[in-house]
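Structural features, examined
Single-letter residue listing:
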Amino acid sequence: MLLGWNIIKKKIENLRTFLSDVGISSDLRGWEYDRPPVKPARQLLLPVSELASRYCPAMRDIFLRRVLSIQPPKSFKMFRGMVYHLLISKILIEAKRIIYSSGLISGSDFYEKAIEKVQTLIDLTFDEALRRYGNISQEELEEVRRGSVKLSKYILIEAAYSINSALSRFPHINVDSMVSEAFPPVTELKVDGSLVGLSRELSVDIYSPVGAVVDIKTGEVREFHRYAAAGYALAIEAEKGIPIDLGVIIYVSTDLGDVPSFVHDVFIVDDELRREFLEIRDEAQLLVERGADPGKPAACPRYCPYYSYCNSDVG
Ligand code: SF4
């Protein structure tokens with residue numbers, strides 16, 4: 001597995017011992033979508049990412065986006081976040097393709113084959129991201145390119161290590177098992193969240209076989225990012241009937257040194273987190289239905305994506 005998966009696995013094992021003590025109430029599982037509090041009071045479907053990004057305590061961001069159709073100004077951070085998300089997904093798909101087409105090769109042979117493809121994958125990723133975010137300066141572009149190379153190499157080295165570990169533990173492994181041992185089983189899992197009032201085509205960064213959802217972030221650590229895991233857990237439970245007990249947020253940074261660094265936030269998607277997320281969903285649906293500006297909070301955090309809009313003459 002990747003992006004520091006060994007560390008995540010250790011943290012998950014530690015948390016599992018608490019899981020039976022903490023428990024998760026059955027009425028807060030996603031499959032209870034036809035009963036409150038999981039049942040949405042309104043028909044409106046909202047994306048998990050918008051509900052979970054609680055920069056604005058007044059939810060004015062939701063009013064601006066959903067009622068006035070005003071998107072937040074594009075920023076370098078958004079561009080970088082999109083590039084890294086797309087790139088991680090492309091690299092993992094390519095890595096699986098290499099194993100399926102080459103068979104059981106060693107980690108070093110895998111790395112040699114995969115590194116040849118990296119530049120093409122980065123170019124494709126940039127083309128895709130630039131089509132959506134065209135206003136990035138040359139300097140910023142170069143910074144994200146450097147970060148992308150670091151990130152790609154890191155992922156491939158980690159993948160090569162995972163392949164060697166699997167080969168040495170299971171000398172008779174077949175290709176299919178190798179892929180599931182060495183890589184996350186599903187990236188960009190598509191989930192229909194409509195049963196619990198969420199968008200019809202949610203995309204979960206990584207869905208792991210240990211009953212955990214993984215979300216990848218490229219900015220600063222924020223407590224409210226955990227809401228995304230609650231939203232995805234409820235949606236997966238509702239649509240697929242599988243319990244999701246754990247959430248993982250991987251914060252990726254390429255700002256310092258030659259190697260990317262990661263912060264792993266691993267937690268139980270417990271009752272409190274689920275209740276808070278459902279309250280946010282209900283409040284946001286009501287806000288959009290009423291269509292009235294909730295106004296600004298006492299203070300706007302500078303890192304809010306709408307900061308320049310709300311704190312200008314037009315906002
Ligand atoms: S800038 Fe302030 S009012 Fe506007 S969305 Fe952000 S926190 Fe809310």
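What you see is a predicted model; the values in this text were computed from it and never measured.

1. Comments concerning the pairing of strand 3 (residues 212–217)
Of all the 6 residues making up strand 3, 5 are buried; the element is thus mostly covered by neighbouring parts of the structure. In this sheet, strand 3 lies alongside strand 2 (residues 202–208) in antiparallel orientation, the contact comprising 3 bridges. Of the residues in strand 3, the one forming a bridge with S208 is A212. Strand direction decides the pairing type here: strand 3 and strand 4 (residues 246–253), joined by 6 bridges, are parallel. Across the sheet, the residue bridging to A212 is L246, located in strand 4.

2. Concerning the site of the ligand
Neighbouring the ligand are the residues Y55, C56, A58, R60, D61, K296, P297, C300, C304, Y306, Y307 and C310. Looking at the shell around the ligand, the elements that each hand over two or more residues are helix 3 (60–67) and helix 10 (307–310). By residue class, the composition of the shell around the ligand is 9 nonpolar, no polar and 3 charged.

3. Digging into unusual backbone geometry
Cis geometry marks the peptide bond from P36 to P37; its omega dihedral reads 5°. Here P37 is to be found in the loop between helix 1 (5–22) and helix 2 (48–52). If you check the backbone angles, M59 has positive phi at about 65° while not being a glycine. Mapped onto the fold, M59 is located in the loop between helix 2 and helix 3.

4. Examining helix 6 (residues 138–169)
Taking 1.5 Å per residue, 32 residues should reach 46 Å; helix 6 reaches 46 Å between its end C-alpha atoms and fits that length. Within helix 6 the residues assigned to the buried category are V144, G147, S148, L151, S152, Y154, I155, L156, A159, A160, S162 and I163. For helix 6, the secondary structure elements touched by its buried residues are helix 4 (76–102), helix 5 (107–132), helix 7 (175–182) and strand 4.

5. What about the domain arrangement of the chain?
According to the domain assignment, the chain contains domain 1 (24–37 + 185–278) and domain 2 (76–182). Here the C-alpha centre of domain 2 lies 23 Å away from the C-alpha centre of domain 1. With 11 residues of domain 1 in contact, the opposing surface of domain 2 contributes 13 residues. Split by residue class, the side of domain 1 that touches domain 2 holds 5 nonpolar, 4 polar and 2 charged.

6. Some points on the environment of K150
One can find K150 in helix 6. The partly exposed category is assigned to K150, around which 16 C-beta atoms lie within 10 Å. Measuring from C-alpha to C-alpha, the distance between K150 and P260 comes to 6.4 Å, with 110 residues separating the pair along the chain. Not counting the four nearest positions on each side in its chain, K150 is found in contact with T254, D258, V259 and P260.

7. Regarding the environment of K217
If you trace the backbone, K217 turns up in strand 3. When the C-alpha atoms of K217 and D205 are compared, they prove to be 9.8 Å apart, with 12 residues separating the residues in sequence.

8. Here's the deal with the packing of helix 4 against helix 7
Geometry of a packed helix pair, given as the angle between the helix axes and the separation of the axes. Following both chains from N to C, one finds helix 4 and helix 7 inclined at 155°, their axes separated by 9 Å at the closest point. Between helix 4 and helix 7, the crossing angle belongs to the class labelled roughly antiparallel. Viewed along their axes, helix 4 and helix 7 form a crossing whose handedness is right-handed. On the side of helix 4, the interface is formed by K96, I99 and Y100, while helix 7 contributes V175, M178 and V179. Broken down by class, the residue content of the contact of helix 4 with helix 7 amounts to 5 nonpolar, no polar and 1 charged.

Parameters at a glance
Residues numbered from 1 in each chain as written. Predicted model: local features only at pLDDT ≥ 70, side-chain atom pairs only at ≥ 80, totals over all residues. Buried ≥ 20, exposed ≤ 12 C-beta atoms within 10 Å, placed from the backbone. Helix = DSSP H or I, 4+ residues; strand = E, 2+ residues; numbered from the N terminus. Pairing = 2+ DSSP bridges. Near = placed C-beta within 6 Å. Nonpolar A, V, L, I, M, F, W, Y, C, P; charged D, E, K, R; others polar. Expected span 1.5 Å × (residues − 1). Contact = placed C-beta atoms within 7 Å. Domains from an automatic or database assignment. Axes fitted to C-alpha atoms, helices over the stretch in contact; angles between N-to-C directions. Parallel < 35°, antiparallel > 145°, perpendicular 65-115°, else oblique. Left-handed = near helix turned anticlockwise from the far one by under 90°.

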